[in-house]
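Architecture at a glance
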Amino acid sequence: MAATENVHPHEIHKFGSMAERWWDPSGEFKTLHDINPLRIGFIQEYAELAGKRVLDVGCGGGILTEGLAKLGADAMGIDLSQDLIDMAELHGLEAGVNAHYQKISAEELAEQQPAGFDLVTCMEMLEHVPDPGSIIKSCATLVKPGGTVFFSTLNRNPKAYLLAIVAAEHVLRMLPKGTHDYKTFIKPSELSRSARESGLELKGMAGIEYNPVSKRFSLGKDIGVNYLAAYKRPD
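Residues numbered from 1 in each chain as written. Predicted model: local features only at pLDDT ≥ 70, side-chain atom pairs only at ≥ 80, totals over all residues. Heavy atoms only, no water.

**Re the overall build of the protein**
Tallying secondary structure elements over the protein gives 8 helices and 8 strands in all. Computed over C-alpha atoms, the radius of gyration of the protein comes to 16 Å, within 12% of the 18 Å expected from 2.2 N^0.38 for 235 residues, which places it in the range of a compact globule. Here the C-alpha coordinates of the protein stretch approximately 45 × 40 × 35 Å along the principal axes. The burial tally for the protein puts 52% of its 235 residues in the buried class. Put simply, 71% of the contacts in the protein that link residues at least 6 apart link residues at least 24 apart. Accessible surface for the protein amounts to roughly 10,800 Å². Of this, 52% is attributable to carbon and sulfur atoms. Computing the positive centroid from 24 side-chain charges and the negative centroid from 31, the protein places the two 6 Å apart. (Helix = DSSP H or I, 4+ residues; strand = E, 2+ residues; numbered from the N terminus. Rg over C-alpha atoms; globule rule 2.2 N^0.38 Å. Buried < 20%, exposed > 50% of the residue type's maximum accessible area, 1.4 Å probe, protein only. Contact = heavy atoms within 4.5 Å. Areas by Shrake-Rupley, 256 points an atom, 1.4 Å probe, with all protein chains shown as cover. Lys, Arg positive; Asp, Glu negative; His and termini not counted. Charge placed at Lys NZ, Arg CZ, Asp CG, Glu CD.)

**Thoughts on the side chain of Asn-36**
You can see Asn-36 is positioned in helix H2 (residues 30-46). With relative accessibility at 8%, the residue Asn-36 sits in the buried group. Here the side chain of Asn-36 touches Ile-63 through a polar contact of 3.3 Å, landing on its backbone oxygen. Aside from chain neighbours lying at most four places away, what touches Asn-36 is Ile-63 and Leu-64. (Polar contact = N/O pair within 3.5 Å; in protein donor to acceptor, adjacent residues only side chain to side chain.)

**Observations concerning the sheet that holds strand S7 (residues 216-220)**
Across the sheet, 8 strands lie side by side as S3-S2-S1-S4-S5-S8-S6-S7; this open sheet has mixed pairing. Edge positions in the sheet fall to strand S3 (100-103) and S7, since each of these pairs with one other strand and no more. On average, each strand axis in the sheet is tilted by 20° relative to the strand beside it, whichever way the strands run. In terms of strand pairing, strand S6 (residues 201-211) meets S7 through 5 bridges, oriented antiparallel. Its bridge partner being in S7, Ile-208 is matched across the sheet by Leu-219. Its contacts with the sheet place helix H3 (residues 63-70) against strand S1 (53-57), strand S2 (74-79), S3 and strand S4 (117-123), and it is angled at close to 170° to S2. Across the sheet, helix H4 (residues 82-95) lies against S2 and S3, angled at about 170° from S3, the strand it touches most. (Pairing = 2+ DSSP bridges. Axes fitted to C-alpha atoms, helices over the stretch in contact; angles between N-to-C directions.)

**As for the packing of aromatic side chains**
For the coordinates displayed, the defined rule picks out 8 aromatic pairs. Between the aromatic rings of Phe-42 and Phe-150, the centroid separation amounts to 6.1 Å while the plane-to-plane angle is 80°, which identifies the pairing as edge-to-face. Placement of the pair is Phe-42 in helix H2 and Phe-150 in strand S5 (residues 143-154), with a sequence separation of 108 residues. For the residue pair Phe-42 and Phe-150, the accessibility class agrees, reading buried in each case. With a centroid separation of 6.0 Å and an interplanar angle of 65°, the aromatic rings of Phe-151 and Tyr-231 are classed as edge-to-face. One end of the pair, Phe-151, is in strand S5; the other, Tyr-231, is in strand S8 (residues 226-232), with 80 residues separating them in the sequence. The buried category is assigned to Phe-151, whose relative accessible area is 0%. Taken together, the ring pairs in this structure connect Phe-42, Tyr-46 and Phe-150 into an aromatic cluster. (Phe/Tyr/Trp six-rings, centres within 6.5 Å; stacked < 30°, edge-to-face > 60°.)

**Some remarks on unusual backbone geometry**
In the Ramachandran plot, Glu-124 falls in the positive-phi region, its phi being about 50° despite a non-glycine side chain. Tracing the sequence through the fold places Glu-124 in the loop between S4 and helix H6 (132-142). In the Ramachandran plot, Lys-215 falls in the positive-phi region, its phi being about 60° despite a non-glycine side chain. By the element assignment, Lys-215 lies in the loop between S6 and S7.

**Points about the packing of H2 against H3**
Running from amino to carboxyl end, H2 crosses H3 at an angle of 45°, the nearest separation of the two axes being 10 Å. Here H2 is positioned oblique relative to H3, judged by the angle of their axes. Here H2 and H3 pass one another in a crossing that is right-handed. Residues Leu-32, His-33, Asn-36, Arg-39, Ile-40 and Ile-43 of H2 form the contact with H3, whose own contacting residues are Ile-63, Leu-64, Gly-67 and Leu-68. Residue classes in the contact of H2 with H3 are distributed as 6 nonpolar, 3 polar and 1 charged. (Parallel < 35°, antiparallel > 145°, perpendicular 65-115°, else oblique. Left-handed = near helix turned anticlockwise from the far one by under 90°. Nonpolar A, V, L, I, M, F, W, Y, C, P; charged D, E, K, R; others polar.)

**A word on the pattern of salt bridges**
Side chains that differ in charge, positive against negative, can pair when their charged atoms come close. According to the stated counting rule, one finds 8 salt bridges in the structure shown. Between Glu-190 and Arg-156 there is a salt bridge, with the nearest N and O atoms lying 2.7 Å from each other. One end of the pair, Glu-190, is in helix H8 (residues 188-197); the other, Arg-156, is in the loop between S5 and helix H7 (158-171), and 34 residues separate them in sequence. Here Lys-183 makes a salt bridge to Asp-181, at a shortest N to O gap of 3.3 Å. (Salt bridge = Lys/Arg side-chain N within 4 Å of Asp/Glu carboxyl O.)

This is the structure in structure tokens:
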């Protein structure tokens, strides 16, 4: 599969068409805003950010990229939606956040800048591409020896289907309908196998849990639905 083919065009259109609403904290992407501090907190458990060269793969409108830049990282975000790259750049300018963006695939950037980053993040993206293994391999190539790679995705089991699709998209309407396709969810064992095959070592995992009463997210040990994983590229 060529680098430029590892994409579902309908996914790019789906998210790109909502680019202007990406930064509305009460809009369709409210969940991303709500969990962003948890994602950053998880990253900080395993890596320093200040002064580090950081890549955010599948950055969307730049919510995580900006958060990393605000903590002193030299942050770069990449995505294949020009609409989302434009939105990320515009919001960064308005917010005075010094982050950089480029429309390029992870595979192509891995060819251009192998071992070019101190840490790489790829959040809520693997379940939206045809070949997640190719993205994982590219992230492993992009990070420096001794650096850390972070992924987040959705587990594939009945609980995840009920909570991430039935509840989140249809009952609670926390996400736009059609955001996720259950068939593309990735079990932690599958993620770790691909990571190992790419030369990465697992350092830790955590689950993102939602309390429907308090309407708050938190990090916990339950990786049954949404989960985060940290991997290290050996020195």
